[in-house]
2 protein chains.
Amino acid sequence: VSRIALDAMGGDHAPAETVAGALAASAAGVDLVLVGDEPVLRKLLERAGADLPVHHAPDSIEMGEDPARAIREKPNSSIVACARLVRDGSASGFVSAGSTGAAMAAAAIIVGRLPGVLRPTIASVIPKPSGRTIVLDSGANPEVKPEHLVQFAEMGGVLSQVYFATGSPRVGLLNIGEERGKGRALEKEAFGILEASGVNFIGNVEGRDIGSEHVDVIVTDGFTGNVLLKTTEGAASMVARLVAEAVSAASESAQAEVLPRLHPIAEMMDYESTGGAHLLGTAGVVVIAHGSSGRKAIKNALAMAQDGADRDLVGKLSAAIAAG
Amino acid sequence: VSRIALDAMGGDHAPAETVAGALAASAAGVDLVLVGDEPVLRKLLERAGADLPVHHAPDSIEMGEDPARAIREKPNSSIVACARLVRDGSASGFVSAGSTGAAMAAAAIIVGRLPGVLRPTIASVIPKPSGRTIVLDSGANPEVKPEHLVQFAEMGGVLSQVYFATGSPRVGLLNIGEERGKGRALEKEAFGILEASGVNFIGNVEGRDIGSEHVDVIVTDGFTGNVLLKTTEGAASMVARLVAEAVSAASESAQAEVLPRLHPIAEMMDYESTGGAHLLGTAGVVVIAHGSSGRKAIKNALAMAQDGADRDLVGKLSAAIAAG
């Protein structure tokens, strides 16, 4: 199967936006099942005059709950049901915009890690003019060991090859200077291990290299990666907002000419265009969407998950870890 | 005195651009002394048909050298001479665009720490529409303890008050989520200590809050802060470059109308407009400029240092640390 389970109850705008996103994805050819409170979901589908498979799971896990505990105590939550569908082979992957911690716990505990994986990792995709930069870990593991970074590099490399057909993905170690010997104990030790690994390691990179065409995969701990990701969002949206304000003060004719040219930039930087981030290292495709996802982000996250399943992302990750 | 010593030999474009920046700063009223290889500097001044005080210090510390060792072994280097002028009371501060490590070592070892300061810290200033966000530590201390973060908050608060007259600066702890309990052991422990301190602590903030008008000072370790700073630069310049390309494809009349409106945004985001970052916690004003500083950045860094001296930044930091 390459059916994708959608946690229809997860996210700030669920279930209205998750159902709308699912309908758009389904129309685009994604084979999916809505997982959540069936009467609520049926009503939304009816109102849209559409139909989709629904798997009943009436409970929800809230953002503040302890993930591991919630997974145990709420077997009928939508996120646990998604993970069970994957474990049982009824789905090849799941998408959730709910609690990231709960999605990770459900993936690790119920779907399970791939053999040899030390820590599943969240791989985010940052757009740039020449393509995409993959950043991992971007939030799953706030504190890591050097050997974790090497596995992140291996898994990020597979993701880069599967989606962006980068022959031998160039891996950079996020650091505070380009020279060898920079950084914390973590970076100093990881540098040597990455050099000795099978990874195409290009050395240290810095925060300003996120838009560089010379690196495909940036590895770091989940704390720093999360800060990098959100800072990119913050800085890009600040500049975009200022530009929009400046242009809106120009004449109508100038606006009519310039705005369509700016549109592709806004579209490129819009996280909803990407859809979500892959959790790598578990025995199923898992895509974690932004908590504030609207229908467009949900649709793209579902397409991303389907794509990962179709391209056998999990099989390729498994082979890389076994070889690494 | 409020004379400022300039390391005229430090930086990628020294001494031509450092001397040009010094001349511009001097014309704007900054009282300064050029520190470096006197014959070289005299020739540049002659060529410009201008004069400035010069303090002879013929040696240079290169980027790759071990800072503490270079400070010991090169007593006639421009950076050591700058620090000595401050220690001896001949200057109230110094500016360097050379090796950041050497500037920090010279400041800590020769100028000396203020009593009670655990770790001097680099405070960067990130522009935003509503003013400035101060981020510290942004590179001096890659690994820190919770009590260091509290002192960074106190010192950053003083900087915010001195320059931006923010009554009671709002301090945020950089983290990977807003909720209490998020982050690494460092953040979990620092959260409670910050709450109990005299700092106006507003809780956790995220990378996307760099442009927020709700926070004045963001504290974190020097590794994460450096990544945040450089990522902001990278993301903002990527978007700015794309916007410039898009607009340059429009008609001349549309460009003539839109470009002047975009100019203030480019100016705001240009690090040369800020000039440099303060090293806080030593017994003199120290401003560290970007290695790639041109004359504009040097001029603004000198003005920043003079401003810090005129406003008694060091005295106020000393009082805050003594009270904290």
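Keep in mind that this is a model prediction, so the values were computed, not measured. (Residues numbered from 1 in each chain as written. Chains lettered and ligands numbered in written order. Predicted model: local features only at pLDDT ≥ 70, side-chain atom pairs only at ≥ 80, totals over all residues. Heavy atoms only, no water.)

### A closer look at the confidence of the model for chain A
Next, step 1: With 100% of its residues at a pLDDT of 70 or more, chain A shows a mean pLDDT of 95.
Next, step 2: Both scores are given for the predicted complex: the pTM is 0.94, the ipTM 0.93. (pLDDT = per-residue confidence, 0-100.)

### Notes on the pairing of strand E5 (residues 121-128) of chain A
On any regular strand, side chains alternate: one points to one face of the sheet, the next to the other face.
Residue and element names in this part refer to chain A.
Next, step 1: When you tally the buried positions in E5, you get 8 out of 8 residues, the bulk of the element.
Next, step 2: Residues Thr121, Ala123, Val125 and Pro127 of E5 are buried on one face, and the alternating residues Ile122, Ser124, Ile126 and Lys128, pointing to the opposite face, are buried as well.
Next, step 3: Judged from the 3 bridges that link them, E5 and strand E10 (residues 277-280) form a sheet pairing that is antiparallel. Looking at E10, one finds that Thr121 is bridged to Leu280.
Next, step 4: Count of turn residues in the E5/strand E6 (residues 131-136) antiparallel hairpin: 2 residues. (Buried < 20%, exposed > 50% of the residue type's maximum accessible area, 1.4 Å probe, protein only. Helix = DSSP H or I, 4+ residues; strand = E, 2+ residues; numbered from the N terminus. Pairing = 2+ DSSP bridges.)

### A few points about helix H2 (residues 38-47) of chain A
All names here are of chain A.
Next, step 1: Of the residues making up H2, those classed as buried are Leu41, Leu44 and Leu45. Along the axis of H2, the buried positions cluster into a sector of 100 degrees, meaning they face one direction only. Set apart from the buried face of H2 by more than 90 degrees, the exposed residues are Pro39, Lys43, Glu46 and Arg47.
Next, step 2: The elements touched by buried residues of H2 are helix H1 (16-27), strand E2 (32-36) and strand E3 (54-56).
Next, step 3: Where H2 terminates, the next one or two residues include Gly49, which has phi positive at roughly 65 degrees. (Arc of directions from axis to C-beta. Contact = heavy atoms within 4.5 Å.)

### What about the sheet that holds strand E7 (residues 170-174) of chain A?
Residues and elements named next belong to chain A.
Next, step 1: Strand order across the open sheet formed by 11 strands is E3-E2-E1-E4-E11-E10-E5-E6-E9-E7-E8, with mixed pairing between neighbours. Since the sheet does not close on itself, it has two edges, and those belong to E3 and strand E8 (200-205), each with one partner. Looking at each pair of strands side by side, their axes are set apart by 25 degrees on average, direction ignored.
Next, step 2: With 3 bridges joining them, E2 and E3 adopt parallel strand pairing. If you follow Gly36 over to E3, its bridge partner there is His56. (Axes fitted to C-alpha atoms, helices over the stretch in contact; angles between N-to-C directions.)

### Topic: the packing of aromatic side chains
All names here are of chain B.
Next, step 1: In this structure the tally under the stated criterion is 4 aromatic pairs over all chains.
Next, step 2: Between Tyr163 and Phe164 the ring centres are 6.0 Å apart and the planes differ by 45 degrees, which places this aromatic pair in the tilted class.
Next, step 3: The class for Phe164 is partly exposed, based on a relative accessible area of 33%.
Next, step 4: Between Phe191 and Phe201 the ring centres are 5.1 Å apart and the planes differ by 80 degrees, which places this aromatic pair in the edge-to-face class. You can see Phe191 sitting in helix H7 (residues 185-196) and its partner Phe201 sitting in strand E8 (residues 201-205), a full 10 residues away along the chain. The residues Phe191 and Phe201 share a single accessibility class, namely buried. (Phe/Tyr/Trp six-rings, centres within 6.5 Å; stacked < 30°, edge-to-face > 60°.)

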